[in-house]
Amino acid sequence: MNGCIREVPAMTAVIYARYSSDNQREESIEGQIRECTAYAEKNGITIVKHYIDRAISAKTDNRPEFQQMIKDSDKKLFDIVLVWKLDLSLIHISEPTRH
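Residues numbered from 1 in each chain as written. Predicted model: local features only at pLDDT ≥ 70, side-chain atom pairs only at ≥ 80, totals over all residues. Heavy atoms only, no water.

Peer 1: Would you take a moment to explain the nonpolar core for this structure?
Peer 2: What tends to happen in soluble globular proteins is that the nonpolar side chains get buried as a cluster. Core analysis: the largest hydrophobic core is formed by 11 residues, namely A13, I15, A17, Y19, I29, I33, C36, A40, I45, I52 and L82. Among the elements of the structure, strand 1 (11–19), helix 1 (26–42) and strand 2 (45–54) are those that each provide at least two residues to this core. Core analysis: the next-biggest nonpolar cluster, separate from the first, contains seven residues, Y51, F66, M69 and I70 among them. (Core = buried A, V, L, I, M, F, W, Y, C linked by side-chain atoms within 4.5 Å. Buried < 20%, exposed > 50% of the residue type's maximum accessible area, 1.4 Å probe, protein only. Helix = DSSP H or I, 4+ residues; strand = E, 2+ residues; numbered from the N terminus.)

Below, the structure is given as structure tokens:
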């Protein structure tokens, strides 16, 4: 090694928050973002965008912000997705697909 210090770029992330119409409200979105932001700050991760779907079931991937997040992921606009709770929110990402 020649003694040079290489700066490692910060990992970038987006936050995906959602609630269904069943039993959650707008306050739950704020809580999800707050928790994910705290995690990012603690781990040196830079949040670049929030994707929020309100009152839309996770049983479908036909969610506008979710779809935009997938498109932006294809463009490599961020490194990782942070979610408050890994439930059905991202089920279609975890299935073997092109995502």
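Peer 1: Quick question: what am I supposed to make of the confidence of the model for the protein chain here?
Peer 2: It should be kept in mind that the predicted coordinates are not to be read in detail where pLDDT is low. This prediction gives the protein chain a mean pLDDT of 81; 74% of its residues lie at or above 70. Mean pLDDT values over the elements of the protein chain span from 47, in helix 3 (residues 91–94), up to 96, in strand 3 (residues 80–82). Low confidence marks residues 91–99, where pLDDT is under 50. Its contacts with residues over four positions away, or in another chain, come to 12 contacts. (pLDDT = per-residue confidence, 0-100. Contact = heavy atoms within 4.5 Å.)

Peer 1: Help me out: how do you make sense of the environment of E65 in this one?
Peer 2: As for its position among the elements, E65 is in helix 2 (residues 64–74). Here E65 falls in the partly exposed class, since its relative accessible area comes to 25%. Distance in space between the C-alpha atoms of E65 and D53 is 5.8 Å, their sequence separation being 12 residues. Filtering out sequence-adjacent residues up to four positions away, E65 remains in contact with Y16, H50, Y51, I52 and D53.

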